[in-house]
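# Architecture at a glance
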Amino acid sequence: MGDNVNILNLKVEYFDQLAEFLQLMTGGEYTSALWIDHFNYWWIDNPNAQEIGKYGRVIFNNSNEIKGFLGFVPFPYRYNDKSIISAGFTSWFVDEEFRGKSLQLLRSLLKEPNIDLFFDTTPSDKAVKIFSALKFKLIDREWHNKLNLKPINFNFLVEYYVYRRFSNRNLLLIFKILFKLFPIQKIFNIFYRRLSSKNEYEVRKMNNFTETHTEIWNEVNKDSLLYANRSQENASWLFWGSKQLSDSRVCMEISKNKKLIGYCVFDICKKQMFDTSVYFYQLKEWAVSDDNKKSHQELLFSIICHAKKNKKVAAVNIELFSNDIINNLMDFGINVKKKNHNCLIKASGEYKDNLERIISESYSDTPLDGDRAYFNI
């Protein structure tokens, strides 16, 4: 029966049925309403998706039921002062009876015109083998395996890692008692107080993206041959286009002597520890035109103060994806190993040869999945 299928372009009129299929495939963990919110963000409100008019492919059986899906989210890049489109793969789910058509689903998307880069940033080990066979390059960076934690609630942070390792309530109780006897958090608070200069810098929460932010982004990336396009339209969609995303995102901008010099983006990630919710502030984007160490620390201090307002925040997580972060934000904190963050990339289109050369010579990716990269020569 698995041979009786049609692979078609995803259309808006399929959204409701696709959302129900994906809810089923994720065991109800991700509801159909959440999938619809994602669809609107990925495609309806995405100016780049509207430009190319394509979202992905679906598998229909002979009864017109969706039995498989692989989508891509278009993201804009600047290459050699030209605008190009990349696509990050998302949500590859195929009903077990139709698994034999999974590769056909992928191959059909790789033939999509008007896309110059394809990304897959959260692949399983099995997916890595499949994409590698299709000439995707696996990008391996040192920062993929490292994380710097700025503890907000040290006791909570330790409890969470004990839970992750042992999932034992009695052991958690022992650690709670132990760390109440040793107030280590006070040591970190001393460092945090040293960060803020309280003079020429001003940090405030931002709720929109302007052309001035775009100019800062371009200035920070002026030596890159290829980098993400952060026009006002694209960034406004990317940071605030989804209510579900924007409700769990903190964006801060920094001024020096009343002049805007940069911004950062953090996601608030929720983790579960038995019947308790634990939160982490996760750095996603960082662009500051002033290379003064104090300006970077002032911005970080404001994020830490924001995180401290929530008593359930365990730490601010800093991934070391740029030299500015490594040089200016690493004076304190806890360095930990983390699960490898695989990133696969394939060049396509009219600039394929040049893009492949750039990827081979130098590539530095960042945590904002699939929608941002730097190629520096």
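Residues numbered from 1 in each chain as written. Predicted model: local features only at pLDDT ≥ 70, side-chain atom pairs only at ≥ 80, totals over all residues. Heavy atoms only, no water.

### Some remarks on the overall build of the protein chain
Within the protein chain one finds 14 helices and 17 strands. On C-alpha atoms alone, the protein chain measures out to a radius of gyration of 22 Å, which is about the 21 Å that the 2.2 N^0.38 rule sets for 377 residues. Dimensions of the protein chain along its principal axes, counting C-alpha atoms only, are 65 × 55 × 35 Å. By residue count, 53% of the 377 residues in the protein chain fall in the buried class. Taking the intrachain contacts of the protein chain between residues at least 6 apart in sequence as the baseline, contacts between residues at least 24 apart amount to 72%. Per element, the accessible surface of the protein chain, about 18,400 Å² overall, is 47% carbon and sulfur. Averaging the positions of the 51 positive and the 45 negative side-chain charges in the protein chain gives two centres separated by 7 Å. (Helix = DSSP H or I, 4+ residues; strand = E, 2+ residues; numbered from the N terminus. Rg over C-alpha atoms; globule rule 2.2 N^0.38 Å. Buried < 20%, exposed > 50% of the residue type's maximum accessible area, 1.4 Å probe, protein only. Contact = heavy atoms within 4.5 Å. Areas by Shrake-Rupley, 256 points an atom, 1.4 Å probe, with all protein chains shown as cover. Lys, Arg positive; Asp, Glu negative; His and termini not counted. Charge placed at Lys NZ, Arg CZ, Asp CG, Glu CD.)

### Quick look at the confidence of the model for the protein chain
Summarising the model, the protein chain shows a mean pLDDT of 89, and 95% of its residues fall at 70 or more. Across the protein chain, the secondary-structure element scoring lowest on mean pLDDT is strand β17 (residues 373-376), at 62, and the one scoring highest is helix α1 (residues 15-25), at 98. (pLDDT = per-residue confidence, 0-100.)

### A short note on the side chain of glutamate 159
Position of glutamate 159 relative to the elements: it lies in helix α6 (residues 154-166). Residue class for glutamate 159 comes out buried when judged on its relative accessible area of 9%. Here glutamate 159 is in contact with Leu172, Lys176 and Met273, once residues within four sequence places are set aside.

### Quick notes on the pattern of salt bridges
Applying the stated rule across the entire model yields eleven salt bridges. With its nearest N and O atoms 3.0 Å apart, the salt bridge here joins lysine 222 to glutamate 219. Judged by relative accessible area, which is 56%, lysine 222 ranks as exposed. Exposure remark for glutamate 219: the relative accessible area of 39% places this residue in the partly exposed category. In this structure, lysine 243 and aspartate 247 form a salt bridge, with 2.7 Å as the shortest nitrogen-oxygen distance. In terms of burial, lysine 243 and aspartate 247 fall into one category: exposed. One network of salt bridges, with partners in common, ties together Lys54, Arg57 and Glu112. (Salt bridge = Lys/Arg side-chain N within 4 Å of Asp/Glu carboxyl O.)

### A short note on the packing of aromatic side chains
Tallied over the entire structure, the rule returns 32 aromatic pairs. Its end group placed over the ring of tryptophan 217, arginine 230 keeps NZ or CZ at 5.0 Å from the ring centre. (Phe/Tyr/Trp six-rings, centres within 6.5 Å; stacked < 30°, edge-to-face > 60°. Lys NZ or Arg CZ within 6 Å of the ring centre and 35° of its normal.)

### Side note on the packing of helix α8 (residues 185-195) against helix α12 (residues 293-308)
Running from amino to carboxyl end, α8 crosses α12 at an angle of 130°, the nearest separation of the two axes being 8 Å. In terms of orientation, α8 lies oblique with respect to α12. Considering only the axes of α8 and α12, their crossing is left-handed. Counted together, Asn189, Tyr192, Arg193, Arg194 and Leu195 of α8 and Lys294, Gln297, Glu298, Leu300, Phe301, Ile304 and Lys308 of α12 form the full contact between these two elements. By residue class, the composition of the contact of α8 with α12 is five nonpolar, two polar and five charged. (Axes fitted to C-alpha atoms, helices over the stretch in contact; angles between N-to-C directions. Parallel < 35°, antiparallel > 145°, perpendicular 65-115°, else oblique. Left-handed = near helix turned anticlockwise from the far one by under 90°. Nonpolar A, V, L, I, M, F, W, Y, C, P; charged D, E, K, R; others polar.)

### Regarding the pairing of strand β7 (residues 146-151)
A regular strand carries its side chains on alternate faces of the sheet. Burial analysis of β7 places five of its six residues in the buried class, which makes it a mostly covered element. Bridge count between β7 and strand β14 (residues 334-337): four bridges; the pairing is antiparallel. Across the sheet, the residue bridging to leucine 149 is isoleucine 334, located in β14. Bridge count for β7 against strand β13 (residues 313-318) is four bridges, and the pairing is antiparallel. Across the sheet, leucine 149 pairs through a bridge with asparagine 317, a residue of β13. (Pairing = 2+ DSSP bridges.)

### Considering the sheet that holds strand β10 (residues 249-256)
The strands making up a sheet associate through hydrogen bonds between their backbones, and the pairing can be parallel or antiparallel. Taken in spatial order, the seven strands line up as β8-β10-β11-β12-β13-β7-β14 in an open sheet, and their pairing is mixed. Edge strands, defined here as strands with exactly one partner in the open sheet, are β8 (201-205) and β14. Each strand of the sheet is rotated relative to its neighbour by a mean of 30°, with strand direction disregarded. The sheet contact formed by β8 and β10 spans five bridges and is antiparallel. Within the sheet, the bridge partner assigned to tyrosine 201 lies in β10 and is lysine 256. In the packing of helix α10 (residues 232-240) onto the sheet, contacts are made with β10, β11 (259-273) and β12 (276-288), and the angle to β10 comes to roughly 135°.

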